[in-house]
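Below are the chains, spelled out letter by letter.
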Amino acid sequence: MISQYAKNRTGAGSQPIWRISLAAATAGFLSRLLQGARGRSAVEHVARLDDRMLDDIGLARCDVDDALKAPLTDDPTKILAARRRARQLQRRAI
């Protein structure tokens with residue numbers, strides 16, 4: 001429920017602040033959704049690689065599967081990058 005105070009406040013022009021905030025939040029959500037879709041497309045290409053090729057780039061099949069299970073607003077390429085970095089650090093420690 002929007003308070004009377006919030007209804008009377010206005011931002012740029014004559015738009016109430018809550019409308020501007022809603023528009024900004026919607027734009028941010030759509031931007032994250034688009035970025036997630038782009039990343040998902042890239043990860044789907046990586047998913048077509050065989051296990052040996054995945055190992056060559058420092059990933060495992062389960063990493064790709066987990067990245068594709070991420071929420072649609074998350075960029076799955078970031079998940080793969082983090083997993084790859086962790087695996088590289090683990091290999092250096094041995």
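Preceding this paragraph is the structure being described.
Values in this document were obtained by computation on a predicted structure and should not be read as measured data.

(A) Structural detail: the environment of arginine 40. The residue arginine 40 is located in helix α2 (residues 17-47) in this model. Separated by 35 residues in sequence, arginine 40 and aspartate 75 place their C-alpha atoms 7.0 Å apart. Residue contacts for arginine 40: discarding those within four places in its chain leaves Ala67, Leu68, Ala70, Pro71, Leu72, Asp74 and Pro76. Among the polar contacts listed, one links the side chain of arginine 40 to the backbone oxygen of leucine 68, at a separation of 2.8 Å. At 3.1 Å, the side chain of arginine 40 and the backbone oxygen of alanine 70 are in polar contact.

(B) Main features of the packing of α2 against helix α5 (residues 76-93). Following both chains from N to C, one finds α2 and α5 inclined at 55°, their axes separated by 7 Å at the closest point. Relative to α5, the element α2 is oriented oblique. Along the contact surface, α2 presents Gly36, Gly39, Arg40, Ala42 and Val43, while α5 presents Pro76, Thr77 and Leu80. Considered class by class, the residues forming the contact of α2 with α5 number four nonpolar, three polar and one charged.

The rules behind the values
Along each chain, residue indices are assigned from 1 in the same order as the chain's sequence is written. Side-chain atom pairs in this predicted model are given and counted only at pLDDT of 80 or more, local residue features only at pLDDT of at least 70, and totals for whole chains, interfaces and linings cover all residues. The side-chain values count all of the structure's non-hydrogen atoms but skip hydrogen atoms and water molecules. Helix and strand definitions follow DSSP, with helices as H or I runs of at least four residues and strands as E runs of at least two, each counted in order from the N terminus. Contacts between residues were defined by any pair of non-hydrogen atoms, one from each residue, lying within 4.5 Å. For the purposes of these results, a polar contact is taken to be a pair of N or O atoms within 3.5 Å, where, inside protein, one atom must be able to donate a hydrogen and its partner to accept one; residues adjacent in sequence count only when each atom of the pair is a side-chain atom. Angles run from 0 to 180 degrees between N-to-C directions of axes, and those axes are lines fitted to C-alpha atoms, restricted for helices to the stretch in contact. Comment on the angle field: the value is read as roughly parallel under 35 degrees, roughly antiparallel over 145, roughly perpendicular from 65 to 115, and oblique elsewhere. Only Asp, Glu, Lys and Arg are considered charged, only Ala, Val, Leu, Ile, Met, Phe, Trp, Tyr, Cys and Pro nonpolar, and every remaining residue, Gly among them, polar.

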